[in-house]
Amino acid sequence: MERYNFKTIEQKWQKIWEDNKVFSTKIDKNKKKFYCLEMFPYPSGKIHMGHVRNYTIGDVLARFKSLQGYNVLHPMGWDSFGMPAENAARQNNLDPKTWTESNIETMRSQLKKLGLSIDWDKEISTCSAEYYKHQQEFFLDLYDKGLVYRKKNYVNWDPVDQTVLANEQVVDGKGWRSGAVVERKKLNQWFFNISKFSEELLQGLEDLNNWPNKVKVMQKNWIGKSFGCEVEFKVESNKPIESIKCYTTRPDTLFGFSFLALSVDHPLAKYYEDDKKFKEFKKECSKTGTTEESIASAEKLGFKTDLVAVNPLDKNIKAPVYFANFVLMDYGLGAVFGCPAHDQRDLDFAKKYNLKITPVVKPEKDKDFKINNEAYTGEGYLYNSKFLDGLKAPNESIIKTIEFLEKNSLGKKKTNYRLKDWGISRQRYWGCPIPIAYDENDQPIKIPKNMLPVELPEINKLENTGNPLDSAEEWKNFTLDGKKYRRETDTLDTFVDSSWYFLRFCSSQNVNHGFKQEEVDYWMPVDQYIGGVEHAILHLLYSRFFMQALSYKSDDFKLKEPFDGLFTQGMVCHETYKDQKNKWLSPEEVSSEDGKRFFKIDKPSEEVVVGPIESMSKSKKNTVDPENIIRSYGADSVRLFILSDSPPEKDVQWSDQGMMASFKFVQKLWILNSRISEKIKKSNDSNENENLNKFTNQLIYKVTQNLEKFHYNVIVANFYEMYNFLIKEIEKPIKKEILIENYKKILILMNPFIPHFTTECLNSLNQKEINWPIVSSEELIEEEVNFVVQINGKKRALLKVKRDMNEDEILKGIILNKETNNLLKDKKIQKTIFVSNRLINIIV
């Protein structure tokens with residue numbers, strides 16, 4: 001039997017699709033729309049398996065909706081500004097533009113080989129002046145709305161990339177790209193006033209019903225709404241200082257107060273600015289970043305002042321005032337009261353400086369309680385707190401304490417948010433220029449819109465460290481209306497570029513406006529956004545802010561949320577390998593005969609150390625080159641494998657055997673196609689074959705339902721069932737028309753997954769126009785299966801359930817069933833073992 005020559009067939013259809021612009025969007029306002037969008041890639045040089053998975057998941061959905069008759073927008077662009085391009089340009093002695101555009105060309109070519117249904121006519125690149133011109137216009141519009149401002153502030157400074165990082169870009173106290181320990185530095189910076197919309201961003205999450213709950217929780221925690229109290233502490237001092245205010249979420253622990261801590265930027269710091277020791281202390285504080293993570297991990301340092309703070313609940317309780325490196329001016333009022341017994345940071349500080357530790361909350365009312373090396377942060381009851389003793393903490397005790405403070409004018413209830421304004425200034429060349437200039441008095445002015453875009457100067461070779469724009473004198477200095485001005489040399493954070501690109505796709509060819517309102521009204525919001533959970537805060541929160549900002553004080557733009565549906569796909573993982581010198585090795589450098597012991601290919605005598613399975617990364621060299629895999633197995637086989645092994649939201653482990661299995665399955669489908677073609681040519685049967693009609697109808701139902709639920713791996717299993725059924729069924733008498741009709745429907749069901757193969761097969765059947773098959777309710781028989789329920793390996797029940805129910809649905813049914821629910825009563829489920837359509841073993 002003839003083999004499936006995927007190279008010839010895939011090249012043929014890729015050329016046809018490109019020449020005829022099959023995937024170009026033609027807006028028909030009478031059709032329903034579906035906007036499918038993946039996080040657009042950074043052009044690093046080559047696509048990786050993470051790209052393959054992300055874009056294949058989106059492509060399956062886009063093709064499915066197109067076949068259902070939707071007007072589909074499925075575009076592609078490039079997140080092409082950023083520090084990596086600048087660093088690469090320095091290392092390779094070329095300009096970032098050339099490096100970036102070369103990478104885009106390579107990656108575009110690779111993505112096309114996957115057979116993605118991308119509308120390439122709408123392609124955008126954020127480093128193009130045609131794109132960032134409109135971004136500069138938006139910047140000036142937000143400036144006019146009061147949503148952009150400049151101030152001197154402590155920032156996270158990456159000493160390797162020599163640039164500022166937003167709090168969200170600092171991971172475990174280190175720069176998200178360089179991995180360098182972040183420092184604290186005071187600079188004049190531009191900010192987006194994202195905190196103005198804290199409540200709107202929080203409330204908006206409640207209506208995002210098609211978002212994963214884990215992402216909404218992450219955003220809620222980042223916005224961090226808290227209810228507390230602004231407390232005023234009287235101060236004893238020989239300086240003109242009467243009191244210090246601080247914000248706290250736990251005013252009920254005031255009787256445990258043992259120190260007051262201030263930020264080094266607190267207004268009271270002016271009284272110590274000439275103190276040599278204070279200057280040294282302030283300098284030491286700069287070694288700590290501004291994020292909660294970096295502050296939490298840093299050694300707690302304090303500078304003791306000559307001030308004494310008085311407890312507002314008891315004038316006899318007095319405590320020293322310190323400046324501390326863990327207090328930031330932009331949280332609350334830049335002052336916190338220390339309660340060491342119930343805050344680990346405060347406990348560490350108190351032990352370091354031998355301060356009093358008074359516990360005021362204990363887990364149980366009538367038992368002795370001590371604090372040793374860990375602060376107690378759980379629930380309990382107040383004690384050592386005089387008139388507050390016995391109150392249940394924290395819910396009852398906080399309310400009663402705030403009531404007392406307000407009644408006696410000692411404090412007032414206040415709502416606070418963890419979310420801070422977004423610092424958008426970056427000290428680098430390869431970014432969107434900020435459309436601001438400064439006069440001779442250093443006062444900012446807007447660049448007139450008729451002078452936009454402010455383009456980057458051409459710099460052929462980046463030689464100096466730091467920001468090259470600082471030394472681009474000819475570009476930096478200009479004259480306007482007879483006055484001399486100096487351009488802003490900071491560029492915008494690249495996350496600004498990706499905060500509105502979904503709007504640009506709606507009107508990517510419009511040179512006059514960033515988007516056309518009527519096109520945005522039609523396409524937005526994005527129906528389905530697909531991206532990694534790593535962007536839950538950075539990209540997704542910033543995009544939501546941008547929509548709030550554009551709709552603020554706008555008569556036309558009313559949309560508040562960019563993404564209606566969100567799907568976060570898992571990572572692609574692979575084993576890691578190291579040689580005897582502890583250096584990373586790539587899979588291409590390793591071989592094994594039995595799959596247990598591995599050796600270096602160039603040194604067969606040297607055994608390789610096999611490490612854990614981790615997400616593919618260039619740093620650990622556990623990557624697989626998609627282009628080589630496509631060249632060896634074909635795009636359809638790659639698409640099939642990347643969707644088959646795991647649910648799309650889970651991590652998938654790369655397997656050479658799994659890849660080969662998918663390749664062989666496509667070959668089997670080709671053999672099946674050949675046999676069906678022969679059957680069609682020879683068939684004179686009059687047998688209606690209700691069995692085939694019924695099977696196809698059930699397959700349409702299952703695949704459609706699973707597509708809507710992102711159960712792609714289940715669909716691949718459905719295709720294996722289909723193959724096993726058809727290879728036997730075609731041996732029976734079948735009426736020619738019935739066989740053709742059913743086989744066309746089956747090919748269309750497979751088309752979103754393996755488009756090259758199915759399009760070739762449909763073409764041979766003269767099927768040019770294809771539409772998603774409709775389920776016949778008359779023929780659809782709801783199948784049920786006997787499902788075994790085991791508890792700790794023993795059969796305890798047999799249930800009748802619908803075929804292909806997933807694990808969550810089965811568990812829900814067990815809980816609702818009286819008989820099985822009793823089996824689990826008062827039991828804790830440790831894990832489950834689930835076999836589709838057969839059994840579930842619940843370990844309790």
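Below is a short write-up of the structure. This structure is a prediction, so every number in the text was calculated from the model and none was measured.

1. Examining unusual backbone geometry
A cis amide bond, omega 5°, links Leu452 with the succeeding residue Pro453. Structurally, Pro453 can be placed in the loop between β23 (444–446) and α12 (473–476). Cis peptide bonds are those with omega within 30 degrees of zero, and the linkage from Met524 to Pro525 qualifies with 0°. Along the chain, the position of Pro525 falls in the loop between α15 (517–523) and β27 (528–531). Residue Asn384 is not a glycine yet carries a positive backbone phi of 55°. In this fold, Asn384 is placed in the loop between β17 (380–382) and β18 (392–393). Judged by relative accessible area, Asn384 falls into the partly exposed class, the value being 41%. With a phi close to 60°, Asn766 is a non-glycine residue in the positive phi region. Inspection of the secondary structure assignment puts Asn766 in the loop between α23 (755–764) and β35 (784–791). Among the residues examined, Asn766 registers a relative accessible area of 61% and is labelled exposed.

2. A short note on the state of the cysteines
If you walk through the whole model with that rule in mind, you get 0 disulfides. Free cysteine Cys127: the closest other cysteine sulfur is in Cys432, separated by 11 Å. You can call Cys127 buried: its relative accessible area is 12%.

3. Section: the nonpolar core
Among the nonpolar cores identified, the biggest contains 88 residues, and Tyr35, Phe139, Phe192, Trp422, Tyr501, Phe502 and Leu503 are the most heavily contacted of them. If sequence neighbours within four positions are ignored, Phe192 has contacts with Phe139, Leu142, Leu147, Val148, Asp421, Trp422, Ile424, Val496, Phe545 and Phe546. In this structure, Met107, Val624, Val652 and Met750 belong to the second largest nonpolar core, which totals 87 residues.

4. So, the pairing of strand β11 (residues 243–248)
Sheet topology note: the strand β10 (residues 225–236)/β11 ladder contains 6 bridges and is antiparallel. Within β11, the residue paired with Glu232 across the bridge is Lys245. Linking β10 to β11, which pair antiparallel, is a turn of 6 residues.

Procedures and definitions
- Residues numbered from 1 in each chain as written.
- Predicted model: local features only at pLDDT ≥ 70, side-chain atom pairs only at ≥ 80, totals over all residues.
- Heavy atoms only, no water.
- Helix = DSSP H or I, 4+ residues; strand = E, 2+ residues; numbered from the N terminus.
- Buried < 20%, exposed > 50% of the residue type's maximum accessible area, 1.4 Å probe, protein only.
- Disulfide = S-S within 2.5 Å.
- Core = buried A, V, L, I, M, F, W, Y, C linked by side-chain atoms within 4.5 Å.
- Contact = heavy atoms within 4.5 Å.
- Pairing = 2+ DSSP bridges.

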